[in-house]
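Observations on chain architecture
Each chain, written out:
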Amino acid sequence: MPAVEWNDQLLQLAEDLCDAARWCSTRGWVPATAGNFSFRTAAADGGRIFITASGLDKGAITPADLLEIDLDCTVLAGAGRPSAETSLHGVIYRGRADTRAIFHVHSIWNTLLSDRFAADGAVPLEGYEVLKALTGVSTHEHRELVPILENSQEYTGLSLKLTEVLRAFPNAHGVLLRKHGLYTWGESIAGARRHLEALEFLFEVEARRLMSAS
């Protein structure tokens, strides 16, 4: 496989993505080698997609650990092998045309809530001021539904289900896999990072609220 051809702009985006992944590691959101991260350039640049290779410690990741893939998730350049979850990034990029970055993490709180609300099909978040950190949300009175999919190792079927969920929840800022983790995205790497931090804060607040009420 050929090496990735970086220019200054691409390399800066790659550094930004790796910095976000390393930050997630400090938060304990990507234990062991869990999680994956990607970004996509603007259509004017051909819409190139770069994603973390499988089996890496996200606390030590660098641009050399990124693979270049196309929209169908075929690897075009880079060293290492793609994660099985690469196909889910492709689904999100195809289903959310304005998405420029996708983060996937495995936090304690999103894992717990994805199981607690699995029968309901979504985690409801409402009344919290931090909801305003989500793109398009201007009031704490907003009700965010984070849909939940059953986890599976059969990624072709899971990709189809994710496609359906993105259509059913057009305003969602993230999707949970039950007992697995969160996928969230944004119109930039900074936007995806903001959504991730907001959602993880809200998951912890909601989980602690439910625990104190029980």
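Rules used in this analysis
All residue numbers here refer to positions counted from 1 along the written sequence of the relevant chain. In keeping with the model being predicted, local features are shown solely for residues with a pLDDT of at least 70 and side-chain atom pairs are shown and tallied solely at 80 or more, while totals for entire chains, interfaces and linings include all residues. With hydrogens and water set aside, each side-chain value is computed from the structure's full complement of heavy atoms. What we call a nonpolar core is a set of buried Ala, Val, Leu, Ile, Met, Phe, Trp, Tyr and Cys residues that are connected through their side-chain atoms within 4.5 Å. For the exposure calls, accessible area comes from a 1.4 Å probe over protein chains only, and a residue counts as buried if that area is under 20% of its type's maximum, exposed if over 50%, partly exposed in between. Whether two residues touch is decided by their heavy atoms; if any such pair falls within 4.5 Å, the residues are in contact. Lines fitted to C-alpha atoms define the axes, with helix axes restricted to the stretch in contact, and inter-axis angles between N-to-C directions lie between 0 and 180 degrees. Secondary structure elements are defined from DSSP: runs of H or I of at least 4 residues count as helices, runs of E of at least 2 residues count as strands, and each element is numbered from the N terminus. Angles below 35 degrees are treated as roughly parallel, those above 145 as roughly antiparallel, those between 65 and 115 as roughly perpendicular, and all remaining angles as oblique. Note on convention: the crossing is left-handed when the near helix lies turned anticlockwise from the far helix by less than a right angle, right-handed when the turn is clockwise. Residues are grouped as follows: nonpolar covers Ala, Val, Leu, Ile, Met, Phe, Trp, Tyr, Cys and Pro; charged covers Asp, Glu, Lys and Arg; every other residue, Gly included, is treated as polar. By definition, a salt bridge exists where a carboxyl oxygen of Asp or Glu is found within 4 Å of a side-chain nitrogen of Lys or Arg. A pair of strands counts as paired when DSSP detects no fewer than two bridges linking them.

**Quick look at the nonpolar core**
Taken as a class, soluble globular proteins show a tendency for nonpolar side chains to be buried jointly. Judged by nonpolar contacts, the single largest core of 64 residues is most densely connected at F39, F103, V123 and F203. Discounting residues that sit within four places of it in the chain, F103 has contacts with L17, A20, N36, F37, L182, Y183, T184, I189, A192, R193 and L196.

**A few points about the packing of helix α3 (residues 108-116) against helix α5 (residues 189-213)**
Taken N-terminus to C-terminus, the directions of α3 and α5 make an angle of 60°; their axes are 9 Å apart at the nearest point. Classified by the interaxial angle, the pair formed by α3 and α5 is oblique. Both α3 and α5 take part in a crossing whose hand is left-handed. Across the interface between the two elements, W109, N110, L113 and R116 of α3 pack against E200, F203, E204, E206, A207, R208, L210 and M211 of α5. Looking at side-chain class alone, the contact of α3 with α5 contains six nonpolar, one polar and five charged residues.

**Focus on the pattern of salt bridges**
Should their charged atoms come close, side chains of opposite charge can pair. Applying the stated criterion to the full structure yields nine salt bridges. With a shortest N-O distance of 3.1 Å, R193 and D19 are connected by a salt bridge. On the criterion of sequence distance, the pair formed by R193 in helix α5 and D19 in helix α1 (residues 8-26) is long-range, its members being 174 residues apart. A residue is classified by how much of its surface remains accessible, and R193, at 25% relative accessible area, is partly exposed. When the shortest N-O distance is used, the salt bridge between R48 and E68 registers 2.8 Å. On the criterion of sequence distance, the pair formed by R48 in the loop between β1 (36-40) and β2 (49-52) and E68 in strand β3 (residues 66-69) is long-range, its members being 20 residues apart. Given the relative accessible area of 10%, E68 is considered buried.

**With respect to the sheet that holds strand β4 (residues 75-77)**
Where strands meet in a sheet, backbone hydrogen bonds hold them as pairs that are either parallel or antiparallel. Reading across from one edge, β4-β3-β2-β1-β5-β9-β8-β7-β6 is the order of the nine strands in this open sheet, with mixed pairing throughout. Pairing within the sheet leaves two strands with one partner each, and these edge strands are β4 and β6 (122-126). Each neighbouring strand pair of the sheet contributes to a mean axis angle of 25°, computed without reference to strand direction. The sheet contact formed by strand β8 (residues 174-177) and strand β9 (residues 181-186) spans four bridges and is antiparallel. Across the sheet, residue L177 finds its bridge partner in β9, namely G181. Lying over the sheet, α3 contacts β5 (101-105), β6, β7 (143-149), β8 and β9, oriented at roughly 75° with respect to β8.

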